[in-house]
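# Examination of the molecular architecture
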Amino acid sequence: MWGVYHANGGIVGELAYVVGKLRGTAHCALCDITHGAVRMKPAFAALQQRCPVPVRLVHLNERPPELAKVSRGRTPCVVGESRVGGRAVWRELLAPDDLERCAGSVEAFETALGAALVAPDG
């Protein structure tokens, strides 16, 4: 699984996001779920540990090309990647609105993700 933030990574990207957040011009619902004021929320780190598949978190400028195509214009989001016949198959699990409804709650995120994983098209 891939969680894609609605922000660039690196020093410049992180600084731009923090300044934008303080000014009210930048927002990322996935950031609100995974991080507190300064670092990753312990509850999210625990979720990553107990999840049966790796949960990779990436910024816009860190996405592999195939993930960039799937998530273009749809961030923040969570995308599932599976292999079928040696090919990657991508499926959006949580859209920006789904993450927004979590309102920064790791527990709400876990519930939404669980529901997405058992959805008929998954």
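Our subject is the structure listed above.
In this text the structure is predicted, and so the values were computed from the model without any measurement. (Residues numbered from 1 in each chain as written. Predicted model: local features only at pLDDT ≥ 70, side-chain atom pairs only at ≥ 80, totals over all residues. Heavy atoms only, no water.)

Here the focus is the nonpolar core. V78, L99 and F109 are the most contacted members of the largest nonpolar core, which totals 22 residues. Secondary structure elements with two or more residues in this core: α2 (29-34), α3 (42-50), β4 (87-94) and α6 (106-117). If sequence neighbours within four positions are ignored, F109 has contacts with L30, I33, F44, L47, V78, L94, L99 and C102. Counting residues in each nonpolar core, the second largest holds eight residues, with W2, V4, V79 and W90 among its members. (Core = buried A, V, L, I, M, F, W, Y, C linked by side-chain atoms within 4.5 Å. Buried < 20%, exposed > 50% of the residue type's maximum accessible area, 1.4 Å probe, protein only. Helix = DSSP H or I, 4+ residues; strand = E, 2+ residues; numbered from the N terminus. Contact = heavy atoms within 4.5 Å.)

With that out of the way, let us pick up the packing of α3 against α6. It is at 9 Å that the axes of α3 and α6 come closest, and there the two elements cross at 30°. Here α3 is positioned roughly parallel relative to α6, judged by the angle of their axes. In terms of crossing hand, the pair formed by α3 and α6 is right-handed. Contacts between α3 and α6 involve A43, F44, L47 and R50 on the former and, on the latter, V106, E107, F109 and E110. (Axes fitted to C-alpha atoms, helices over the stretch in contact; angles between N-to-C directions. Parallel < 35°, antiparallel > 145°, perpendicular 65-115°, else oblique. Left-handed = near helix turned anticlockwise from the far one by under 90°.)

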